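Okay, here's what each chain looks like letter by letter:
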Amino acid sequence: MARSQQLYLFLFVVFVSLQLASADRFTVGDRQGWNPNINYTVWVEKHKPFHVGDWLVFYYQSGMADVVQVDEAGYNKCDASNPISNYSKGRNYAFQLNHTGRYYFICSRGSCYGGMRLAILAERLPPPSPPPSSHRNSAARCRLSSALLALAVSLLSAAAALFHFHP
């Protein structure tokens, strides 16, 4: 592989790692998983807000359940006849919230009527809040900035050594 391709691959891995660091992973239903007779509205209230980039992981019994993404009407009527997406293989399904807005999921195997449906609102990640201005926090910011600078220098040094770049 050419050195420029190696550098691009390295930078891509660093970029993806930074993106993943800001995303959260949620197991739908927590320990109970994606099953009938669970109040997913309560689960949503417990875990919200959800943000673009977050992952929803559905764990279910193979052959007993599926995960169908539907529109709001399909959600309200437990109707999977016009699915946006449908997943029924295996025992789990991971779905990434990739845009702002509402997402609706149901089980099309009759369990939707038993509560097996989920409505999620994905929001933009909020901007970082400005730190309070005090001398103590200023020193902490300075230490954090120094640590981030040291990390950046270490990554660049590693990349230079890895790809034999010399300034």
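What you see is a predicted model, and the numbers here were worked out from it, not measured in a lab. (Residues numbered from 1 in each chain as written. Predicted model: local features only at pLDDT ≥ 70, side-chain atom pairs only at ≥ 80, totals over all residues. Heavy atoms only, no water.)

**Looking at the confidence of the model for the protein chain**
The share of residues in the protein chain with pLDDT of 70 or more is 65%, and the mean pLDDT across the chain is 79. A low-confidence stretch, residues 4-21 (pLDDT under 50), is modelled with eight contacts involving residues beyond four sequence positions or located in other chains. (pLDDT = per-residue confidence, 0-100. Contact = heavy atoms within 4.5 Å.)

**Some thoughts on the packing of aromatic side chains**
A complete count under the given rule lists twelve aromatic pairs for this structure. Relative to Trp-43, the ring of Phe-26 has its centre 6.5 Å away and its plane inclined at 90°; by these criteria the two rings are edge-to-face. With Phe-26 in strand β1 (residues 25-27) and Trp-43 in helix α2 (residues 40-47), this pair connects stretches of sequence that are 17 residues apart. With respect to class, Phe-26 is no different from Trp-43; both count as buried. Pairing Trp-34 with Tyr-40 gives two aromatic rings, centres 5.1 Å apart and planes at 50°, and the pair type is tilted. A relative accessible area of 2% means that Tyr-40 is categorised as buried. Here the aromatic residues Trp-34, Tyr-40, Phe-58, Tyr-87, Tyr-93, Phe-95, Tyr-103 and Phe-105 are joined through ring pairs into a cluster of three or more. We note Arg-117 situated over the ring of Tyr-75; from NZ or CZ to the ring centre the distance is 4.6 Å. (Phe/Tyr/Trp six-rings, centres within 6.5 Å; stacked < 30°, edge-to-face > 60°. Helix = DSSP H or I, 4+ residues; strand = E, 2+ residues; numbered from the N terminus. Buried < 20%, exposed > 50% of the residue type's maximum accessible area, 1.4 Å probe, protein only. Lys NZ or Arg CZ within 6 Å of the ring centre and 35° of its normal.)

**Digging into the state of the cysteines**
As enumerated under the stated definition, the model contains one disulfide in all. Linked covalently through their sulfurs, Cys-78 and Cys-112 form a disulfide whose S-S length is 2.0 Å. Across the S-S bond linking Cys-78 and Cys-112, the dihedral sits near -70°, which makes this disulfide left-handed. You can see Cys-78 sitting in the loop between α3 (72-77) and β5 (85-87) and its partner Cys-112 sitting in the loop between β7 (101-106) and β8 (117-123), a full 34 residues away along the chain. (Disulfide = S-S within 2.5 Å.)

**Examining the environment of Ile-106**
Assignment of secondary structure puts Ile-106 in strand β7. Classification of Ile-106 as buried rests on a relative accessible area of 0%. Residues Ile-106 and Gly-74, 32 residues apart in the sequence, show an inter-C-alpha distance of 8.4 Å.

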